[in-house]
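Working through the structure, step by step
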Amino acid sequence: MGMGADPQRAADVADAMRALARTGFLPAEQRAYAAQDRPLPLWHGQTNSQPSTVATMLRLLEVPVGGRVLDVGAGSGWTTALLARLVGPGGSVLGLELDPQLARWGAANLAAQRMPWATLEPAAPDVLGRPVEGGWPRILVSAAPRSMPAELVAQLAEDGGRMVIPVRSTLQVVLRAEGRTTVTSHGSYSFVPLR
Ligand SMILES: C[S@@+](CC[C@H](N)C(=O)[O-])C[C@H]1O[C@@H](n2cnc3c(N)ncnc32)[C@H](O)[C@@H]1O
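Residues numbered from 1 in each chain as written. Predicted model: local features only at pLDDT ≥ 70, side-chain atom pairs only at ≥ 80, totals over all residues. Heavy atoms only, no water.

1. Quick notes on the site of the ligand
Heads up, the condition is: Here a residue counts as near a molecule or strand whenever at least one of its heavy atoms sits within 4 Å of it. Two N or O atoms form a polar contact when they lie within 3.5 Å of each other; inside protein one atom must be a possible hydrogen donor and the other a possible acceptor, and for residues adjacent in sequence the pair counts only when both atoms belong to side chains. In short, Shrake-Rupley with a 1.4 Å probe defines the accessible areas, and a residue's cover is counted only from the protein chains shown. Here a strand is any run of E in DSSP of at least two residues, a helix any run of H or I of at least four, and the numbering for each starts at the N terminus. Here the term charged refers only to Asp, Glu, Lys and Arg, the term nonpolar to Ala, Val, Leu, Ile, Met, Phe, Trp, Tyr, Cys and Pro, and the term polar to all other amino acids, Gly among them.
Neighbouring residues of the ligand: 23 residues in total, closest Gly73, Ser76, Thr79, Glu97 and Arg195. Gly73 places a polar main-chain atom, nitrogen or oxygen, 3.0 Å from a nitrogen atom of the ligand. Separating an oxygen atom of the ligand from a side-chain N or O atom of Ser76 is a distance of 2.7 Å. Alone, the ligand offers 600 Å² of accessible surface; in the complex the protein occludes 98% of this. The set of elements that each furnish at least two residues to the shell around the ligand consists of strand E2 (47–48), helix H3 (78–87) and strand E4 (92–97). Grouping the amino acids of the shell around the ligand by side-chain chemistry returns 12 nonpolar, nine polar and two charged.

Following this line, the structure appears as structure tokens:
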């Protein structure tokens, strides 16, 4: 934030999670379990992530109001919707999901929340993430690669771009600033594999 800028309201993760009920992002047979703090099965072996883990990841991402976010592994659309709520109508969120059936269902779940500044698209099987001019200020990854993907680090904005990504079972934060990339570790979690 530059000198003299209006202080931005801190994006409030707890408020976003209260406003966007998980039930809207679960198959009918799983909705009864929405309040349980555990991952819930979608299909094809994929899951709706554990709420406390989602909250931790969103906090670590430090999403600014008006920000642009890439959400890799968007699944049910829940994280895409939460990010949309955090950035607000002045921001934008692109969710990418590799499983085409999940991507269709996740896009419909997201559309029902009426936040048209967020979209959920099928990921191209041969391209990880989505390279854009100038890079993404924020990237969230909800599936775990075996090692840090250079393609995604390269898609981060060079001036303060921040990515939250599980690598194997360690949650990592990648920051690109002042010509350097720094990586910090934030505990152990279990994730479905990034494919
Ligand atoms: C934990 S799940 C879904 C979490 C999701 N954010 C949610 O809120 O429901 C992670 C998703 O990543 C997807 N995935 C795996 N590899 C991917 C890739 N290369 N690009 C996009 N999505 C991928 C999986 O199909 C799976 O649906």
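2. Focus on the pattern of salt bridges
Opposite charge on two side chains allows them to pair when their charged atoms are near. What counts, and what does not: Each salt bridge in this description consists of a side-chain nitrogen of Lys or Arg and a carboxyl oxygen of Asp or Glu lying within 4 Å of one another. Residue burial is assigned from relative accessible area. The probe radius is 1.4 Å, only protein chains are included, and a residue is buried under 20% of its type maximum, exposed over 50%, and partly exposed in between.
Tallying each qualifying case throughout the model produces three salt bridges. Put simply, Arg162 and Glu62 hold a salt bridge, and the shortest N to O gap is 3.3 Å. In this pair, Arg162 is assigned in strand E7 (residues 161–167) and Glu62 in the loop between helix H2 (51–61) and strand E3 (68–72), connecting sequence segments 100 residues apart. Note on Arg162: relative accessible area 13%, which makes it buried. Put simply, Arg130 and Glu121 hold a salt bridge, and the shortest N to O gap is 2.8 Å. Residue Arg130 is classed as partly exposed on the basis of its relative accessible area of 29%.

3. Let's talk about the nonpolar core
Condition: Throughout this description, the term nonpolar core refers to a set of buried Ala, Val, Leu, Ile, Met, Phe, Trp, Tyr and Cys residues connected via side-chain atoms within 4.5 Å. Only heavy atoms matter for contacts: two residues are in contact if any of them lie within 4.5 Å across the pair.
Core analysis: the biggest nonpolar cluster contains 33 residues, and Leu58, Leu82, Leu83 and Val164 have the highest contact counts within it. Counting residues per element, this core draws most heavily on H3, which supplies seven residues. Ignoring any residue separated from it by four or fewer positions in sequence, one finds Leu83 in contact with Leu58, Leu61, Val63, Val69, Asp71, Val93 and Leu140. Membership of the second largest hydrophobic core comes to 16 residues, among which are Ala123, Val141, Val153 and Val167.

4. Regarding helix H4 (residues 100–111)
Structural remark: α-helix, 3.6 residues per turn; residues separated by three or four positions point the same way. Here is the rule: Each helix should span, by expectation, one fewer than its residue count multiplied by 1.5 Å.
Helix length check: H4 (12 residues) gives 16 Å between terminal C-alpha atoms against 16 Å at 1.5 Å per residue, within 8%. Regarding H4, the residues found buried are Leu102, Ala103, Trp105, Gly106, Asn109 and Leu110. In this fold, the buried residues of H4 make contact with H3, E4 and strand E5 (118–122). Put simply, Asp99 is the residue that caps the front of H4, since its side-chain oxygen is 3.0 Å from the backbone nitrogen of Gln101.

5. Things to note about H3
Taking burial as the measure, the 10 residues of H3 include nine buried ones, the bulk of the element. The first or second residue beyond H3 is Gly88, which carries a positive phi of 75 degrees.

6. Some points on the sheet that holds E5
Basically, it comes down to this: In short, DSSP must find at least two bridges between two strands for them to pair. To get an axis, a line is fitted to the C-alpha atoms, and for a helix only the part in contact is used. The angle between two axes follows their N-to-C directions and goes from 0 to 180 degrees.
One open sheet accounts for seven strands, arranged E5-E4-E3-E6-E7-E8-E9; its pairing is mixed. Looking at which strands have only one partner, the edges of the open sheet turn out to be E5 and strand E9 (180–188). For this sheet, the mean inter-axis angle between neighbouring strands, taken without regard to orientation, is 15 degrees. Pairing analysis gives five bridges linking E3 to E4, with the strands arranged parallel. Considered in E4, the bridge of Asp71 is made with Gly95. Against the sheet, H2 touches E3, strand E6 (138–141), E7, strand E8 (170–177) and E9, its axis set at about 150 degrees to E7.

7. A word on the side chain of Thr53
On the secondary structure map, Thr53 appears in helix H2. Of the residues examined, Thr53 reaches a relative accessible area of 8% and is grouped as buried. Look past the residues within four positions of Thr53 in its chain and what remains in contact with it is Tyr189 and Phe191.

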